[in-house]
Amino acid sequence: MVNKVILVGNTGQDPDVRHLEGGVAVANFNLATSETYKNKNGEKVTQTEWHRVVLWRGLAEIAEKFVKKGQLLYIEGRLRTRSWEDKEGVKRYTTEVFADVMRMLGKKGEEGYSQESSSEKQEEPDLSREQEDDLPF
């Protein structure tokens, strides 16, 4: 089974970062993704979806230092739904994106800025010249 989400959008506000017991950092912010299309009358329509993003530990600390409102981000993670009871005893639900990868694609108005952060360091294989020659493509 697969639970994978990939989003590219702009942050709705600066991340809200808290430090839990033991110094574990957690960051929360909303990310807006937009889709533009023409309706049946030929009018341009933009539909925006808001996603609640949660970052933990190192990613939260990076977001605290570098992510600002309006910044374009690439987020990769998984969906989590949690529930709680409000003050009136009504059960509430929210679905959040628990991010494993965050790439800062740029600040609003800037192009070409890119920095990637991941909760898991992944090394790419080092292909030597001989290995490259053996590839079937």
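Note that the coordinates shown come from a computational prediction; the quantities given were computed from them, not determined experimentally.

*Asks:* Quick question: what am I supposed to make of the overall build of the protein here?
*Replies:* Scanning the protein from terminus to terminus reveals two helices and seven strands. The buried share of the protein, taken over its 137 residues, is 29%. In the protein, of all internal contacts separated by at least 6 residues, the share reaching a separation of at least 24 is 53%. As displayed, the protein has an accessible area near 10,200 Å², and 46% of this comes from carbon and sulfur atoms.

*Asks:* Looking at this structure, I do not really get the nonpolar core. What am I missing?
*Replies:* Where a protein is soluble and globular, its nonpolar side chains tend to be buried together. Counting residues in each nonpolar core, the largest one holds 19 residues, and the members touching the most others are Phe29, Leu31, Val53, Leu55, Leu73, Ile75 and Met102. Looking at this core, the elements with two or more residues in it are strand 1 (5-11), strand 3 (25-38), strand 4 (44-56), helix 1 (57-66), strand 5 (72-85) and strand 6 (91-106). With residues near it in sequence (within four places) discarded, leucine 31 still touches Leu7, Gly9, Asn10, Thr11, Glu49, Trp50, His51, Val53, Leu73 and Ile75.

*Asks:* Explain the pairing of strand 2 (residues 16-19) to me, please; I cannot follow it from the model alone.
*Replies:* Working note: regular strand, side chains alternate between the two faces of the sheet. When strand 2 meets strand 3, the two strands line up antiparallel, connected through four bridges. Its bridge partner lying in strand 3, arginine 18 is registered against valine 26. Linking strand 2 back to strand 3 in an antiparallel pair, the connection comprises five residues, with glycine 22 at a positive phi of about 85°.

*Asks:* Sorry if this is basic, but what is going on with the pattern of salt bridges here?
*Replies:* Oppositely charged side chains are able to pair whenever their charged atoms sit close together. Counted according to the given criterion, the structure contains four salt bridges. With a shortest N-O distance of 3.1 Å, glutamate 96 and arginine 82 are connected by a salt bridge. On the criterion of sequence distance, the pair formed by glutamate 96 in strand 6 and arginine 82 in strand 5 is long-range, its members being 14 residues apart. Take glutamate 96: its relative accessible area is 5%, and that puts it in the buried class. Notably, a salt bridge pairs arginine 92 with aspartate 86, separated by 3.0 Å at the nearest N-O pair. Relative accessible area serves as the criterion here: at 39%, arginine 92 is assigned to the partly exposed category. Classification of aspartate 86 as buried rests on a relative accessible area of 17%.

*Asks:* Please explain helix 1 as it appears in this structure.
*Replies:* Given 3.6 residues per helical turn, the α-helix brings residues three or four places apart onto the same face. Leu59, Ala60 and Ala63 are the residues of helix 1 that are buried. All buried residues of helix 1 fall inside an arc of 100° around its axis, so they share one side. Exposed and oriented more than 90 degrees from the buried face of helix 1 are Arg57 and Lys65.

*Asks:* Sorry, what's going on with the packing of aromatic side chains here?
*Replies:* Between two aromatic rings, the relevant description is the distance of the centres plus the angle of the planes. This structure, assessed with the given rule, holds one aromatic pair. An angle of 40° between the planes, with centres 6.4 Å apart, marks the rings of tryptophan 56 and phenylalanine 98 as tilted. Of this pair, tryptophan 56 sits in strand 4 while phenylalanine 98 sits in strand 6; the two residues are 42 residues apart in sequence, bridging distant segments of the chain. Judged by its relative accessible area of 30%, tryptophan 56 is partly exposed.

*Asks:* Is there a simple way to think about the environment of valine 17 in this case?
*Replies:* Mapped onto the secondary structure, valine 17 falls in strand 2. A sequence separation of 38 residues divides valine 17 from leucine 55, and the C-alpha atoms of the two residues are 9.1 Å apart. Among residues more than four places away in sequence, those in contact with valine 17 are Val26, Ala27, Ala60 and Glu64.

About the criteria used
- Throughout, residues of each chain are indexed from 1 in the direction in which the sequence is written.
- Reporting in this predicted model follows two pLDDT cut-offs: at least 70 for local features of residues, and 80 or more for side-chain atom pairs to be given and counted; totals over whole chains, interfaces and linings ignore these cut-offs and use all residues.
- Based on all heavy atoms of the structure, the side-chain values leave hydrogens and waters out of the count.
- Only DSSP runs of H or I covering at least 4 residues are called helices, and only runs of E covering at least 2 are called strands; the numbering of each starts at the N terminus.
- Relative accessibility decides the category of a residue: with a 1.4 Å probe and only protein chains considered, values under 20% of the type maximum give buried, values over 50% give exposed, and everything between is partly exposed.
- Whether two residues are in contact is decided by their heavy atoms: any pair within 4.5 Å suffices.
- In these tables, accessible area is a Shrake-Rupley quantity obtained with a 1.4 Å probe, and a residue counts as shielded only by the protein chains included in the view.
- What makes a nonpolar core is a set of buried Ala, Val, Leu, Ile, Met, Phe, Trp, Tyr and Cys residues whose side-chain atoms join them at distances within 4.5 Å.
- Strand pairing is defined by DSSP finding a minimum of two bridges between the two strands.
- A carboxyl oxygen of Asp or Glu within 4 Å of a side-chain nitrogen of Lys or Arg is what we treat as a salt bridge.
- Note that the arc is defined by the directions from the helix axis to the C-beta atoms.
- Aromatic rings from Phe, Tyr and Trp, with only the six-membered ring used for Trp, were paired whenever their centres fell within 6.5 Å, and each pair was classed as stacked if the ring planes differed by under 30 degrees, edge-to-face if by over 60, and tilted otherwise.

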